[in-house]
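Residue strings, one per chain:
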Amino acid sequence: EAGVAQSPRYKIIEKRQSVAFWCNPISGHATLYWYQQILGQGPKLLIQFQNNGVVDDSQLPKDRFSAERLKGVDSTLKIQPAKLEDSAVYLCASRIPGQGMNEQFFGPGTRLTVL
Amino acid sequence: QKEVEQDPGPLSVPEGAIVSLNCTYSNSAFQYFMWYRQYSRKGPELLMYTYSSGNKEDGRFTAQVDKSSKYISLFIRDSQPSDSATYLCALRAGGTSYGKLTFGQGTILTVHP
């Protein structure tokens, strides 16, 4: 079974530029998550989707971050304009929905450096 | 106060040592308790999970949950250099189908031969 795919793996931009990350979840996983992991910290949830609908974006800085999952499969996360404090690893995860212990599977992440 | 606090800070131990990792939490709504392992430049992968208080053992790993004290632990016996990684506790509330995880800040473990 293929895992969660993310691209690019690394990105270096200057502040005030824009950047986009792509995620392809595991086939059949209706729930998709984007996390931000700053160096030395645990992942922090930015947004989660159920199919193509947003179910939680309470921690997404909406003035600069946006995300979409138009067809309920792939997802993109965009930052515009980027700030120095956005330097982090952006992790995508997916899961089969349900109240039981359905595991969240993580992709390898995109490491963003903002100069 | 953070919802989840993880101890200790970076840990360096000799091969064969017993390692103890801990998290405390403040939200009594958390019902699922997980430990993830994250190797350098990789995404987290689920190591163990428990639901409700008690112990769970899997090989050299033991997870403990004490809901009355809001305290969870992971023990690693006979630690190996291949155990060197960041260990993250992750907690999830019950009664939701969306599976949002709240993570601790992680403990970097180095096991030296």
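These figures come from a predicted structure and were not determined experimentally. (Residues numbered from 1 in each chain as written. Chains lettered and ligands numbered in written order. Predicted model: local features only at pLDDT ≥ 70, side-chain atom pairs only at ≥ 80, totals over all residues. Heavy atoms only, no water.)

Break down the overall build of chain B for me, citing the residues and quoting the values.
Helix and strand counts for chain B come out as zero helices and 11 strands. Counting from the amino terminus, helix and strand elements in chain B follow one another as β-β-β-β-β-β-β-β-β-β-β. Radius of gyration (C-alpha) of chain B: 14 Å, near the 13 Å computed for a compact globule of 113 residues. Taking the contacts inside chain B whose residues are at least 6 apart along the sequence as the reference set, 54% of them involve residues at least 24 apart. Surface summary for chain B: the accessible area is close to 5,300 Å², and the carbon and sulfur share equals 48%. Charged side chains in chain B number 11 positive and 10 negative. The centres of these two groups are separated by 8 Å. (Helix = DSSP H or I, 4+ residues; strand = E, 2+ residues; numbered from the N terminus. Rg over C-alpha atoms; globule rule 2.2 N^0.38 Å. Contact = heavy atoms within 4.5 Å. Areas by Shrake-Rupley, 256 points an atom, 1.4 Å probe, with all protein chains shown as cover. Lys, Arg positive; Asp, Glu negative; His and termini not counted. Charge placed at Lys NZ, Arg CZ, Asp CG, Glu CD.)

Please provide a residue-by-residue account of empty space enclosed by the protein, values included.
Rolled over the atoms, a probe with the dimensions of a water molecule shows which regions are left empty. The final tally for this structure, using the stated rule, is one cavity of 30 Å³ or more. Of the pockets and cavities examined, the largest cavity occupies roughly 50 Å³. What lines the largest cavity is simply Arg95, Met101, Asn102, Glu103 and Gln104 of chain A together with Met34, Tyr36, Arg92, Gly99 and Leu101 of chain B. (1 Å grid on protein atoms, 1.4 Å probe; cavity = no way out; pocket = protein on both sides within 12 Å on 5 of 7 lines; lining within 4 Å. Points joined across faces, edges and corners; volume = space filled by probe spheres on them.)

Could you give an account of the state of the cysteines, naming the residues involved and the relevant values?
Counted by the stated rule, this structure contains two disulfides over all chains. Between the sulfur atoms of Cys23 of chain A and its disulfide partner Cys92 of chain A the distance amounts to 1.9 Å. Taking the torsion about the S-S bond as the criterion, the Cys23 of chain A to Cys92 of chain A disulfide, at about -70 degrees, is left-handed. On the criterion of sequence distance, the pair formed by Cys23 of chain A in strand β3 (residues 19-24) and Cys92 of chain A in strand β9 (residues 88-95) is long-range, its members being 69 residues apart. One disulfide bridge connects Cys23 of chain B with Cys89 of chain B, the sulfur atoms lying 2.0 Å from each other. Here the S-S torsion is close to -100 degrees, and the disulfide linking Cys23 of chain B with Cys89 of chain B is therefore left-handed. Within this pair, whereas Cys23 of chain B is found in strand β3 (residues 19-25), its partner Cys89 of chain B is found in strand β9 (residues 85-93), the two being separated by 66 residues in sequence. Summarising the burial analysis for this pair, Cys23 of chain B and Cys89 of chain B share the class buried. (Disulfide = S-S within 2.5 Å. Buried < 20%, exposed > 50% of the residue type's maximum accessible area, 1.4 Å probe, protein only.)

Describe in detail the layout of surface pockets, supporting the description with residues and values.
The calculated volume of the largest pocket comes to roughly 650 Å³. Lining the largest pocket are 31 residues; nearest its centre among them are Gln37, Leu39, Gly40, Val89 and Arg111 of chain A. When contributions to the lining of the largest pocket are tallied by element, the ones reaching two or more residues are β9 and β11 (110-114) of chain A together with β9 and β11 (107-112) of chain B. In terms of residue count, β11 of chain A provides more of the lining of the largest pocket than any other element does, four residues in total.

Which residues make up the sheet that holds strand β7 (residues 61-66) of chain B, and what values do they have?
All names here are of chain B. Here five strands make up an open sheet; going across it, the order is β1-β3-β8-β7-β6 and the pairing antiparallel. Both outer strands of the open sheet, β1 (4-7) and β6 (54-58), are each paired with one neighbouring strand and no more. For this sheet the average axis-to-axis angle between neighbouring strands, irrespective of direction, equals 15 degrees. The pairing of β6 with β7 spans five bridges and is antiparallel. Looking across to β7, one finds that Gly54 is bridged to Val65. (Pairing = 2+ DSSP bridges. Axes fitted to C-alpha atoms, helices over the stretch in contact; angles between N-to-C directions.)

Now, about the interface of chain B and chain A: what can you tell me, with residues and values included?
Taken together, the contact between chain B and chain A spans 22 residues of the former and 30 residues of the latter. Interface of chain B and chain A: buried area, both sides summed, is about 2,000 Å²; carbon and sulfur atoms make up 53% of it. The interface formed by chain B and chain A holds one salt bridge in total. Asp56 of chain A is the salt-bridge partner of Lys100 of chain B, the closest N and O atoms lying 3.8 Å from each other. Joining chain B to chain A, the criterion identifies four residue pairs in polar contact (both at pLDDT 80 or more). Elements with a minimum of two residues in the side of chain B that touches chain A: β4 (30-38), β5 (45-51) and β9 of chain B. At four residues, the largest contribution of residues to the side of chain B that touches chain A is made by β4 of chain B. Looking at the side of chain B that touches chain A, its residues break down into 10 nonpolar, eight polar and four charged. (Buried area = accessible area lost by both parts, 1.4 Å probe. Salt bridge = Lys/Arg side-chain N within 4 Å of Asp/Glu carboxyl O. Polar contact = N/O pair within 3.5 Å; in protein donor to acceptor, adjacent residues only side chain to side chain. Nonpolar A, V, L, I, M, F, W, Y, C, P; charged D, E, K, R; others polar.)

Tell me what's going on with the pattern of salt bridges, and back it up with residues and numbers.
Residues and elements named next belong to chain B. Scanning all chains against the criterion turns up six salt bridges over all chains. A salt bridge links Glu57 to Arg77, with the shortest nitrogen-to-oxygen separation between them at 3.5 Å. Of this pair, Glu57 sits in strand β6 while Arg77 is found in the loop between β8 (71-76) and β9, placing the two residues 20 residues apart along the sequence. The class of Arg77 is partly exposed, set by a relative accessible area of 30%.

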